[in-house]
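Observations on the three-dimensional arrangement
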Amino acid sequence: MMNAIECSINEKYLIQLTEKYGTPLYVYDTCKIKEQYRKMQKAFIGINKLEINYACKANTNLNILKFLKKIGGGLDTVSIQEIEIGLKAGFHPKKIIFTPNGVSIKEIRKAVELGVRINLDNLSILEQFGELFKHYAIGIRMNPHIMAGGHSKISVGHVDSKFGISYYQMPHVKRILKNTGLKIDGFHMHAGSDISDLHHFFSAYDVLFQTAMHFPNIDYINLGSGFKVSYSKEDLKTNLISLSHCIKDKFHDFCNTYGKNVTLIFEPGKFLVSESGFFLVKVNVIKQTTSTVFAGVDSGFNHLIRPMFYNAYHYIENISNPKGPFRFYTVVGYICESDTFGLNRKISEIREGDILCIKNAGAYCFSMSSNYNSRYKPSEVMIFNGKDFLIRKRETMKDLLRNVIEIKM
Ligand SMILES: *Cc1c(COP(=O)(O)O)cnc(C)c1O
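Structural notes, computed from the coordinates. Because the structure is a prediction, the values reported are computed rather than measured. Sequence order as written defines the numbering, with residues in each chain counted from 1. It should be noted that, the model being predicted, local features are given only for residues of pLDDT at least 70 and side-chain atom pairs only at 80 or more, the latter also being counted only at that level, while totals for whole chains, interfaces and linings use all residues. Hydrogen atoms and water are omitted, and side-chain values are computed over all heavy atoms in the structure.

Notes on the pattern of salt bridges
Every case where a carboxyl oxygen of Asp or Glu lies within 4 Å of a side-chain nitrogen of Lys or Arg is listed as a salt bridge. Counted according to the given criterion, the structure contains 11 salt bridges. Between aspartate 388 and lysine 20 there is a salt bridge whose closest N-O contact spans 2.8 Å. You can see aspartate 388 sitting in strand β18 (residues 387–392) and its partner lysine 20 sitting in helix α1 (residues 11–21), a full 368 residues away along the chain. Under the scheme applied here, a residue whose accessible area is under 20% of the maximum for its type counts as buried, over 50% as exposed, and between as partly exposed, the area being computed with a 1.4 Å probe on protein chains only. Classification of aspartate 388 by relative accessible area gives buried; the value is 18%. Lysine 20 gets classed as exposed once you look at its relative accessible area, which sits at 55%. In DSSP terms, a helix is any run of H or I states spanning at least four residues, a strand is any run of E spanning at least two, and both are numbered starting from the N terminus.

Quick look at the structure:
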């Protein structure tokens, strides 16, 4: 079971999928999701009680959630709607963790009614929660004051971040617990995304373990995520093996000193699904300007915003002409605003009508898509048990107008 599973999807098959389902098209390979999940399990062998919860904001298609449940995962959610999708996917409420930020006590009340586990990251909410539900034990999301992550928009554990309760405020947390009778059963942190420097993780973990030590009745430590995947052949990724060795040492030390074998939780999003996804687009036009050659495709930041939103790098391949001579292209979308998928990329010769494959399209791609420019959202296909399944229909005009109410003028 623990041997590396070789997942590979060949170019011909992807081209066939675009003929069958049209473009633009998202394709997710469940083999790769399983491989990543197993990699993580394997890295943490030796931890008796390990929970891997999929952070589903990365990709909320119901079928992706069902697949993660099938292979043994739990769920990490950030909104009441994600909880509802999780329940619909069949997750037991106790396998769902809700880690909201900036939501109202009303939404948190709903989460209590649904029976999920909750992490709170705000003293005001903690106090209100304690008054209302003192018998509902919760976790604390701590801010470890660490600057980590691949881009400022995804660094969430530093001192100026809106996330978490500062570890300097733990005396206040204790007072709230004393005053309300509320119990804390675990500690959580999530320092950011795309973290490649392990030292950032380690210093944050140390702060978390030290803080948790001062609270009785801890059942779990949740170390969040931030695991980086590589976006190109040269790109760094989180060294899971070095990371896990160090975590195991720190965690075992904690359990020994604390005097209890608590559960260790991770909540990866990107690590589990990023590489499983392929975004297939068709080249509408080639446009030679005085300075560059543009390949204009039938998509834009309405479908995949990461390159424009936080300079994310997505590898782009011409799967219609893989053996063609390499040339330099700037791959752009059709949105009436700059929307560059890839600047000055070396790609095998592109002709109008070719299919380009944008890699790492499983995480934060479809889930961040929109209808900007009144375009339809793409379809999604899942490869499961060696077969392809349509898991989301392409939108139509009906979808664009569904909630519009036309008034008489
Ligand atoms: C987004 C998020 C994650 C997942 O982050 P990745 O970088 O995708 O692994 C985990 N935990 C929380 C609380 C999050 O908000």
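A few points about the packing of aromatic side chains
Any two of the Phe, Tyr and Trp rings considered here, Trp counted by its six-membered ring, make a pair once their centres fall within 6.5 Å; the pair's planes then place it as stacked at under 30 degrees, edge-to-face at over 60, or tilted in between. For the structure on display, the rule yields 17 aromatic pairs. Each ring, one from phenylalanine 67 and one from phenylalanine 384, has its centre 6.1 Å from the other, and the planes form 80°; the classification is edge-to-face. With phenylalanine 67 in helix α3 (residues 62–70) and phenylalanine 384 in strand β17 (residues 379–384), this residue pair connects regions lying 317 residues apart in the sequence. Members of the aromatic cluster, joined through ring pairs, are Tyr26, Tyr28, Phe279 and Phe366. For a Lys NZ or an Arg CZ to count as sitting over a ring, it must be within 6 Å of the ring centre and within 35 degrees of the ring normal. One cation-aromatic arrangement involves lysine 174 over phenylalanine 215; the distance from NZ or CZ to the ring centre is 4.9 Å. Geometry around phenylalanine 326 places lysine 346 over its ring, the cationic atom sitting 5.4 Å from the centre.

Some details on a nonpolar patch on the surface
Patches here: salt-bridge-free residues with over 30% relative accessible area, like charges joined within 9 Å, nonpolar side chains (Val, Leu, Ile, Met, Phe, Trp, Tyr) joined within 5 Å. All accessibility values rest on the Shrake-Rupley procedure with a 1.4 Å probe; residue burial counts only the protein chains present in the view. A cluster of nonpolar side chains, contributed by Tyr376, Met397, Leu401 and Val404, occupies part of the molecular surface with about 370 Å² of accessible area. For tyrosine 376, the position within the fold is in the loop between β16 (355–358) and β17.

Quick notes on the nonpolar core
Throughout, nonpolar core names a set of buried Ala, Val, Leu, Ile, Met, Phe, Trp, Tyr and Cys residues whose side chains join them through atoms within 4.5 Å. Counting residues in each nonpolar core, the largest one holds 105 residues, and the members touching the most others are Tyr54, Ile118, Phe129, Val173, Phe187 and Ile221. Element by element, the count of residues in this core is highest for helix α8 (residues 198–212), at nine residues. Start and end points for every domain follow an automatic or database-based domain assignment. Domain assignment of the residues forming this core places at least three in each of domain 1 (11–26 + 274–401) and domain 2 (99–268). Apart from the residues lying within four places of it in its own chain, the contact partners of phenylalanine 187 are Ile140, Met142, Met170, Leu208, Thr211, Ala212, Phe215, Ile218, Tyr220, Ile221 and Asn222. By size, the runner-up hydrophobic cluster in this structure holds 15 residues, among which are Ile9, Tyr13, Tyr21 and Ile355. Note on contacts: a residue pair is in contact if any heavy atoms of the two residues lie within 4.5 Å.

Details of the pairing of strand β8 (residues 184–188)
The element β8 is largely enclosed, with a buried count of five among its five residues. Both β8 and strand β9 (residues 220–222) contribute to a ladder of three bridges, which runs parallel. Bridging from a neighbouring strand, phenylalanine 187 pairs with isoleucine 221 of β9. The pairing criterion for strands is at least two bridges between them, as found by DSSP.

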